[in-house]
Amino acid sequence: MEASAGLVAGSHNRNELVVIHGHEEPKPLKNLDGQVCDICGDDIGLTVDGDLFVACNECGFPVCRPCYEYERREGTQHCPQCKTRYKRLKGSPRVEGDEDEEDVDDIEDEFKIEDEQNKHMHLAEAMLHGKMSYGRGPEDDENAQFPAVITGGRSRPVSGEFPIGGAHAYGEQTSSSLHKRVHPYPMSEPGNARWDEKKEGGWKERTDDWKMQQGNLGPEPDDLNDPDMALIDEARQPLSRKVPIASSKINPYRMLIVARLVILAFFLRYRILNPVHDAIGLWLTSIICEIWFAFSWILDQFPKWFPIERETYLDRLSLRYEREGEPNMLAPVDLFVSTVDPTKEPPLVTANTVLSILAMDYPVDKISCYVSDDGAAMLTFEALSETAEFARKWVPFCKKFSIEPRAPEWYFTLKIDYLKDKVQPTFVKERRAMKREYEEFKVRINALVAKSQKVPQGGWIMQDGTPWPGNNTKDHPGMIQVFLGHSGGVDAEGNELPRLVYVSREKRPGFQHHKKAGAENALIRVSGVLTNAPFMLNLDCDHYVNNSKAVREAMCFLMDPQIGKRVCYVQFPQRFDGIDRHDRYANRNTVFFDINMKGLDGIQGPVYVGTGCVFRRQALYGYEPPKDVKRPKMVSCGCCPCFGRRKKDRKQSNHAEDGASNGVDDDRELLMSQMNFEKKFGQSAIFVTSTLMEEGGVPPSSSPAALLKEAIHVISCGYEDKTEWGSEFGWIYGSITEDILTGFKMHCRGWRSIYCVPKIPAFKGSAPINLSDRLNQVLRWALGSVEIFFSRHCPAWYGFKGGNLKWLERFAYVNTTIYPFTSVPLLAYCTLPAICLLTDKFIMPAISTFASLLFIALFLSIFATGILELRWSGVSIEEWWRNEQFWVIGGISAHLFAVIQGLLKVLAGIDTNFTVTSKASDDEEFGELYTFKWTTLLIPPTTVLVINLVGVVAGVSDAINNGYQSWGPLFGKLFFSFWVILHLYPFLKGLMGRQNRTPTIVVIWSVLLASIFSLLWVRIDPFVMKTKGPATEQCGINC
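**Overview of helix 13 (residues 515-530)**
Line of reasoning, step 1. With 16 residues, helix 13 should reach 22 Å at 1.5 Å per residue; the first-to-last C-alpha distance of 23 Å fits that figure.
Line of reasoning, step 2. Counted residue by residue, helix 13 has 14 buried out of 16 residues, so it is predominantly covered.

**Looking at a nonpolar patch on the surface**
Line of reasoning, step 1. On the surface, a nonpolar cluster with roughly 460 Å² of combined accessible area is contributed by Phe859, Ile862, Phe863, Ile867 and Phe975.
Line of reasoning, step 2. For the nonpolar patch, the element with the highest residue contribution is helix 25 (residues 849-873), accounting for 4 residues.
Line of reasoning, step 3. Residue Phe863 is classed as partly exposed on the basis of its relative accessible area, which comes to 48%.

**Topic: the confidence of the model for the protein chain**
Line of reasoning, step 1. Considering every residue of the protein chain, the mean pLDDT works out to 76; 70% of them sit at 70 or more.
Line of reasoning, step 2. Predicted confidence for residues 914-924 stays below pLDDT 50, and this span has 26 contacts to residues more than four positions away or in other chains.
Line of reasoning, step 3. Overall, residues 1021-1028 carries pLDDT values under 50, and its contacts beyond four positions in sequence, including any with other chains, amount to 4 contacts.

**Digging into the pattern of salt bridges**
Note that side chains of opposite charge can pair when their charged atoms are close.
Line of reasoning, step 1. Counted under the stated rule, the structure contains 32 salt bridges.
Line of reasoning, step 2. Note that Lys598 is salt-bridged to Glu309, the shortest N-O span being 3.2 Å. Separated by 289 residues along the polypeptide, Lys598 in helix 15 (residues 590-601) and Glu309 in strand 4 (residues 308-312) bring together distant segments of the chain.
Line of reasoning, step 3. By relative accessible area, Lys598 is classed as buried at 8%.
Line of reasoning, step 4. For Glu309, a relative accessible area of 30% corresponds to the partly exposed category.
Line of reasoning, step 5. The partner of Glu728 in a salt bridge is Arg792, and the shortest N-O contact between them spans 3.1 Å. Placement of the pair is Glu728 in the loop between helix 20 (704-714) and helix 21 (738-748) and Arg792 in the loop between helix 22 (771-789) and helix 23 (807-818), with a sequence separation of 64 residues.
Line of reasoning, step 6. One continuous salt-bridge network, built from bridges that share partners, spans Glu322, Asp361, Lys549 and Arg552.

Analysis parameters
Residues numbered from 1 in each chain as written. Predicted model: local features only at pLDDT ≥ 70, side-chain atom pairs only at ≥ 80, totals over all residues. Heavy atoms only, no water. Helix = DSSP H or I, 4+ residues; strand = E, 2+ residues; numbered from the N terminus. Expected span 1.5 Å × (residues − 1). Buried < 20%, exposed > 50% of the residue type's maximum accessible area, 1.4 Å probe, protein only. Patch = residues over 30% accessible without salt bridge, like charges linked within 9 Å, V, L, I, M, F, W, Y side chains within 5 Å. Areas by Shrake-Rupley, 256 points an atom, 1.4 Å probe, with all protein chains shown as cover. Salt bridge = Lys/Arg side-chain N within 4 Å of Asp/Glu carboxyl O. pLDDT = per-residue confidence, 0-100. Contact = heavy atoms within 4.5 Å.

Here's what the structure looks like:
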């Protein structure tokens, strides 16, 4: 896949394939005719074939053969102009560094594929030429041609990274393998030589291990003195292990949960059996709210019953799969970065994410980065082109000095001693030079952003004069551009770079594109055609790789021989930069990521949260996990009272009789199952073939032109029609929170997931710190949960058939869908204290000593449960309190609107959007935190806050009027009212902004105290003479 192949744009339905070359300025090639060597001044000379000698095929810098040989033997082995490493030319002696090159010089033998891999790929070759020849195209290979290609002075054939087996040129007649139907043949069957060899070898190894444990077989005497034996033994150890929570921490926590459950039952019993007759409405409302809170607490609490932590062993991973002198056996990974609108998702942020991916600590030939531009913006395309050029300098710098993190924006802004652990004397000089390069790169990106502000009247034009295919963002062809690849994808030092591919799927009016979920599914298919790595990592455009070994951490689980085969994905926690120190609106969400997710990891695995997740491709394709080998059931001897064996024999005889009659139908059933593959995955023979390759890889005989043509086909807007994409596998459609549905479907099939929390956060992103933006983010999440609740995938009733989803895991999924409905009782419960203060009523009668003890025990159990959770999870009490506060703020605002909007959408088909109007913000750090943006989400919490403040004033004034005997009942009402105000305090701060930088707490207490003192002044009124009159209680009003 050549990086210089050009932008490929096309539409399968319209039978178009356009190759646009020259979108970026090519490197100047000097005319070598009659020139002399720029180093020694001699004539350049000719090759043995009579052609002009060219030392560097990249830039054509004029160098004679003696200087070329000297530079390769004694110098840096790089071209003086473009810094590309000199390749060995025909007739040149070998030097150090040529070990990877073969003796043959033709390009067709540049990439060698192991015989073992050829054997593994043999199935894919056979499947492309299946028994049935009908499909999308004709059978005759001689008549199969590519669609018309626009050619011109700047157009050239499409090239690929995979060598072509024959002498096919672009435009020649190609094989019709694209038009064949796909038929699955078994990968390996018991009985063949390879399977038997593996089985016997594994049996012998297990037998030797058993004898070793029994002491009957000891190591050879030479092995005891072999220094490599320790490394071999270490490589055989598990790649990860569970770290259970200490019993001294978890056992008291569990006992307290049980005690709290018992206390809660007694509390609800007391509340139900003791109604308040003079306020029956308030009492009934409070009872309903409290029962719902108890139910919601059970769903949230019990999935945290088995929390665990995990450790990984990266050294064992290297010892097992990266042995010295052998090919690297780490699994390839396809990385997905999705972006839509460059005005809301700045290109510089996306560029940093891509750069951090390309510089990861992983074999470069195992990484392929796919960037999905769902907005078809030329700004994103040009920014990615600039990013690819800057990566040629940034990637070798990162790997040379092992810097962290490898996103340049965050690396250069770190306020740490960057000289720590850096012993290279050239580090300071090269760091300064790289920082200058990055500043120039930022200038170029910002210039592109400024240029994009004013769209030309005729649309954007590329540098070669071709109109940008994505000028109409809602009606454009699919586009693919390979920026970096095997051919041409080298850094400044001549080392290979990972693949970088730009993808923009086709969009046409009248088609449902399914937003982010549809874009992710398009990336699955494109990567399945071009690279087909067995694992995939998806990231949002604002989440960069903070730990360069993050993928290795995931491989410790996915490639573990013991547990890896049943793991569908490895989820990393989300960590964020740029959040204020006190985290006013709980943006870090540490309670969820450090408590709830660890609890789920001890059951069946964490939920998928949308980013920072490494998937197994086979799990996303809808395949079930491998079944565990179960021990055969013991059968009886057939005598009384055991009749099991006799019944089994009778069944076997019946099956034998039926086998003869059903043998005729076997071929028909096999044919139907084979035809179902296209119905499931779509009309693409190459892609359907890739779905059956568990270890990944691309058939070596597939031509590059055919692969790119098929890649354009699989991102066409009508490809998913009448298939199971989005309904049974891939990213699931039907909700704006497609991540929850996607993970839920995999768990229902029996897969399990892993929660990986490395010491250095794997990924970091940005979060909205403004109140209105934060509420709108929570609104989107809650609306997605409501949509799932009303869909056929609701966890309350979906997935019972297979019995693969564990009950506590189901509890967690049910909680993720019903938590927005808690907003209705929460809003009512937050309003009750103010109503009680205003009406002089209360939701509870006069309590006895037993009831008071019950109340005290309930509140103590609530606080003790939270404290013990903090003890085993490591979450700070400030983070826990911020989470409690925002649970109330979001509950009575965003969650409430999500329920209303979800009901309108489901029942009436009305889709409502809540827009945000922004004002200017400060330029200082965290200035966005104090920006006021009006939105309708602010109305409910503001109303609740005002009502409670008014209720406090009215309650205090009423108590003053009625005397000291009324202060006792008032304290209970004030306690609940202050509980509401305290939880809404961050909301009040965000609502009031800076107020000329006056502390908000001063404003609050000033208003409250001023109101109380004003009422006291009116009540006392010392300036009015008090006159004594008759006691109306004794003689009446007419006395």
